[in-house]
Amino acid sequence: MATVNVNNLNALSDLHKKPDANFTYGTAGFRMKAELLDSVIFRTGILAALRSKKLDGKVIGCMITASHNPAEDNGVKLVDPMGEMLEGSWEAHATALSNAESNEHLIDYIHSMVSSLKIDLTKPANVVFGRDTRPSGESLVAALADGLKVLDATVTDYGILTTPQLHYITRCLNTAGTPEAYGEPTAEGYYKKLAAAFKVLVEGKTKLSALTLDCANGVGAPKFKEFLPHLDDALSVKIVNDDVDNPSKLNLNSGADFVKTQQRGPIGLKMAPQERYASFDGDADRLVYYYQDDDNTFKLLDGDKIAGLAAMYIIDLVKAAGIDSISVGVVQTAYANGASTQYLRNSLNVPVSCVSTGVKHLHHEALKYDVGVYFEANGHGTVLFSPSALKTIHSTEGSNPAQAVAARSLRALSEVINQTVGDAFSDLLLVETILTQRQWTPKVWDQAYTDLPNRLVKVVVKDRSIFKTVDAERKLVEPAGIQDAIDAIVLKFRDGRSFVRPSGTEDVVRVYAEAATRPETDELAYRIGGLVFDYNSNGSGTRPREFL
Ligand SMILES: CC(=O)N[C@H]1[C@@H](OP(=O)(O)O)O[C@H](CO)[C@@H](O)[C@@H]1O
Ligand SMILES: [Mg+2]
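Residues numbered from 1 in each chain as written. Chains lettered and ligands numbered in written order. Predicted model: local features only at pLDDT ≥ 70, side-chain atom pairs only at ≥ 80, totals over all residues. Heavy atoms only, no water.

In the UniProt entry, the feature "domain: Alpha-D-phosphohexomutase C-terminal" (unreviewed entry) is given for residues 456–526. For residues 456–526, the helix share is 25%, the strand share is 32%, and the end-to-end C-alpha distance is 10 Å. (UniProt positions renumbered as here; feature names shortened; annotations may be inferred. Helix = DSSP H or I, 4+ residues; strand = E, 2+ residues; numbered from the N terminus.)

Following this line, the structure appears as structure tokens:
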């Protein structure tokens, strides 16, 4: 069995010493204050090389970003060969490597992986990486490169990219020269592919008024500016919050997460009634839309609304193309608004699955449908076309001109939508396609259903690990008895629904509540919040005043 060059590892690892901290590779990879990340990223480089060797030298992607987190944070996520998230069973290896206390422990763990996973160290390792606009990215890339040197990986640094661009590039590199070739493995190739498909989709339609796009002062801004010229004149976009030269502004009072959680527009953005607005998050994999109604109320068109719009459109298009062998399904999490689930099931008659929080769960479930639409309410999602659906779409010519046009649109749609991961650019083009095809204002889109008022509350507890869930995180089985208490409260509220789960990314327990009216929703959320806080005296700090 080949072994790791210990001298090489020692010399490199000494440059990236582990601080006194404990790390976990979670739903969003590693994510924390950037100053803690140097050793974690160095070791993630080693893991990426091991993963590539395990997969016979297939290219693994590595993205340095902390998405919607504040500017001082950073993080890292690995991308598997087809552009999907790192296989779940490797997350534990990432965690173990990052926590090895000494070089000896690190080497031991690598060797234990080599033997238990039968990794052939003589195989090549190929890794590509990119980063968002965070200032800490540059030195973290250097740590990553050192980690990759440990196992002599062949690397390509793609510089500053959006997260979905790196997923796209990874898939392109691994499919090049095969019948599944995904495209040119460059940002330029990505722009060309998306733009060509979008132009087909809106050809001959009257252009909509300009969309105002908030880029959260992140990587979406320079990259969307690079992309726009490829669209020629097919779409008008006015970019705001594009100040990437002031890192402290990243995600500050702007961006998809701010808009979704605060249920308001970015601070400083003057909104005009009935105009379209959209926000990206800090690494451009999330998208939400919004508008201001005639009575000046703020209206959010979140991931659930995008999923509903996309499902409605795809079902119509499949029918219009005369195809009856393709079924559409939608995947949501428990955070999806109850009204959206009702709309999908009862108005669109599509099957809806509910899975645990985290995109990998949604992605996995969506693969079970011919066309699987998946979105988290926060705006992260995409539409997956199965190989058989693609085959049908590509072989459908249509028996009349209308069917031929619909089939052509379906083909273009499968090109415009990023098949690897939720992608704000791609999702934006999807929404703009549908609104342009239908000549809809955001208000018309919004009329599909009315969201139930909802509230998300964070509860700080002493130990969130005591909260154990089942049923796609909708029910608590531990602590014992708490679910009965929740159910008893929920029963008192019209259209009431509430669930409690520990966050996978923050040290809090989240409470979600919805009910028929805003006051009832707030009362429900704060009563459950209070219940969780008080349960077995597990609350931490001062009991929030609003808790009932
Ligand atoms: C309620 C909510 O928005 N939760 C987010 C959040 O997960 P938590 O496990 O709830 O902290 O971060 C995840 C990663 O970005 C994202 O997938 C998920 O939707
Ligand atoms: Mg993101």
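Picking up after the structure, the text goes on.
For the rest of this paragraph, the subject is the coordination of the magnesium ion (ligand 2). The textbook angles at a metal center are 109.5 degrees for a tetrahedron of four donors and 90 or 180 degrees for an octahedron of six. Coordination of the magnesium ion (ligand 2) by the protein involves Ser-67 (OG), Asp-281 (OD), Asp-283 (OD) and Asp-285 (OD), with metal-donor separations of 2.0 to 2.2 Å. Binding-site remark: the magnesium ion (ligand 2) is held by donors from one chain whose sequence spacing is S-x213-D-x1-D-x1-D. The buried category is assigned to Asp-283, whose relative accessible area is 0%. (Donors = N, O, S within 2.8 Å, 3.2 Å for Na, K, Ca; no water. Buried < 20%, exposed > 50% of the residue type's maximum accessible area, 1.4 Å probe, protein only.)

With that settled, consider helix H17 (residues 482–490). Residues of H17 that are buried: Ile-482, Gln-483, Ile-486, Ile-489 and Val-490. Each buried residue of H17 sits inside an arc of 125° when the element is viewed along its axis, so together they form one side. Of the surrounding secondary structure, the elements contacted by the buried residues of H17 are strand S17 (475–478), strand S18 (497–502) and helix H18 (518–534). (Arc of directions from axis to C-beta. Contact = heavy atoms within 4.5 Å.)

Attention shifts here to the domain arrangement of the protein. For the protein, the domain assignment lists domain 1 (6–160), domain 2 (189–300), domain 3 (303–446) and domain 4 (454–535). Its C-alpha centre places domain 2 at a distance of 33 Å from the equivalent point of domain 4. (Domains from an automatic or database assignment.)

Our next topic: the site of ligand 1. Taken together, Arg-286, Tyr-335, Thr-357, Gly-358, Glu-376, Asn-378, Arg-501, Ser-503, Gly-504, Thr-505 and Arg-510 make up the full set of residues adjacent to ligand 1. Between ligand 1 and Arg-501, the relevant distance is 2.7 Å, taken from an oxygen atom to a side-chain nitrogen or oxygen of the residue. Within the side chain of Ser-503, one N or O atom sits 2.5 Å away from an oxygen atom of ligand 1. The protein chains hide 87% of the 430 Å² of surface that ligand 1 would expose on its own. For the shell around ligand 1, the class distribution of residues is one nonpolar, six polar and four charged. (Near = heavy atom within 4 Å. Polar contact = N/O pair within 3.5 Å; in protein donor to acceptor, adjacent residues only side chain to side chain. Areas by Shrake-Rupley, 256 points an atom, 1.4 Å probe, with all protein chains shown as cover. Nonpolar A, V, L, I, M, F, W, Y, C, P; charged D, E, K, R; others polar.)

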